[in-house]
Amino acid sequence: WDNADFSRGVGTTFYQEFSTLNTAKPPFVRDVEVKVRRYLRSSYSAAWTLKITWEKAPVYAAWTDTRKTVTYQAVLTTDGFRSYILMLYQDGGMQWDYTRLTSTDVLIGYT
């Protein structure tokens, strides 16, 4: 997530926290639970979820080109015992020209 550059005033980052331990779950949290259950084939009920969105983020260094941006999200969720992360990218995937990056070992996701 460290190669986005917002220094030229293009793009934004925002987050939304969902604490659902003793409250009704909004549709977004129910959708996250469905994804975790489907991908991991386990029962899961979220107690807390955090959605972080990078919207129209230009690649570092933004002074070279701010035309190709990407929107992506990280969704962190836990039931208090197990924790998961979902990495979500806009349709069409990463729009940055990775051949122009200072590092050529590009990874979408996390390790």
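The structure under discussion appears in the preceding block.
Please read these numbers as outputs of a predicted model, since none were measured by experiment.

Undergrad: Could you clarify how one ought to interpret the sheet that holds strand 1 (residues 12-19) in this entry?
TA: Backbone hydrogen bonds are what pair the strands of a sheet, in a parallel or an antiparallel way. Read from one edge of the open sheet, 4 strands run 1-2-3-4, paired in antiparallel fashion. At either margin of the open sheet sits one strand with a lone partner, and together these are strand 1 and strand 4 (83-89). Averaged over all adjacent pairs, the angle separating strand axes in this sheet is 10°, with direction ignored. Pairing of strand 1 with strand 2 (residues 48-58), which is carried by 8 bridges, proceeds in the antiparallel orientation.

Undergrad: Where do I start with helix 1 (residues 27-40) in this structure?
TA: It helps to recall that an α-helix has 3.6 residues per turn; residues three or four apart then point in one direction. With 14 residues, helix 1 ought to run about 20 Å at 1.5 Å a step, and its terminal C-alpha atoms sit 20 Å apart, in line with that. Buried residues of helix 1: Phe28, Val29, Val32, Glu33, Lys35 and Val36, and no others. Seen end-on, helix 1 carries its buried residues on one side only, within an arc spanning 160°. Where helix 1 is buried, its residues meet strand 1, strand 2, strand 3 (69-78) and strand 4. Looking one or two residues past helix 1, Arg41 carries a phi angle of roughly 50°, positive in sign.

Undergrad: Help me understand the side chain of Thr20 in this model?
TA: Tracing the backbone through its elements, the reader meets Thr20 in the loop between strand 1 and helix 1. A polar contact is formed between the side chain of Thr20 and the backbone oxygen of Ala46, at a distance of 3.0 Å. In contact with Thr20, other than residues within four places in its own chain, are Lys25, Pro26, Val29, Ala46, Ala47 and Trp48.

Undergrad: It is not clear to me how the pattern of salt bridges should be interpreted in this structure. Could you clarify?
TA: Two side chains carrying opposite charge are able to pair once their charged atoms lie near each other. Overall, the coordinates contain 4 salt bridges when judged by the stated rule. Between Glu33 and Arg37 there is a salt bridge, with its nearest N and O atoms 3.8 Å apart. Here the residue Glu33 and the residue Arg37 both occupy positions in helix 1, the gap between them amounting to 4 residues, near one helical turn. Judged by relative accessible area, Glu33 falls into the buried class, the value being 5%. Arg37 gets classed as partly exposed once you look at its relative accessible area, which sits at 35%. For Asp79, the salt bridge goes to Arg82, with nearest N and O atoms at 2.9 Å. Several salt bridges converge on common partners, so that one network encompasses Lys25, Glu33 and Arg37.

Calculation criteria
Numbering of residues begins from 1 in every chain and follows the order in which that chain's sequence is written. For a predicted model such as this one, the threshold for reporting local features is a pLDDT of at least 70, and the threshold for listing and counting side-chain atom pairs is 80 or more; totals across whole chains, interfaces and linings nevertheless cover every residue. In computing side-chain values, all of the structure's heavy atoms are included and hydrogens and water are not. When DSSP finds at least two bridges between two strands, those strands are taken to pair. For the purposes of this entry, the term helix denotes a DSSP run of H or I that reaches at least four residues, the term strand denotes a run of E that reaches at least two, and both are numbered from the N terminus. Axis definition: a line fit to C-alpha positions, over the contact stretch in the case of helices; interaxial angles, taken between N-to-C directions, run 0 to 180 degrees. Each helix should span, by expectation, one fewer than its residue count multiplied by 1.5 Å. The classification of residues rests on relative accessible area computed with a 1.4 Å probe and restricted to protein chains. Under 20% of the type maximum is buried, over 50% is exposed, and intermediate values are partly exposed. Note that the arc is computed from the directions linking the helix axis to the C-beta atoms. Contact between two residues is taken to exist if any of their heavy atoms lie within 4.5 Å; hydrogens are not considered. Polar contact is defined as a pair of N or O atoms within 3.5 Å, subject to the rule that within protein one atom must be able to donate a hydrogen and the other to accept it, and that residues adjacent in sequence are counted only when both atoms are side-chain atoms. Think of a salt bridge as a Lys or Arg side-chain nitrogen and an Asp or Glu carboxyl oxygen that are within 4 Å of each other.

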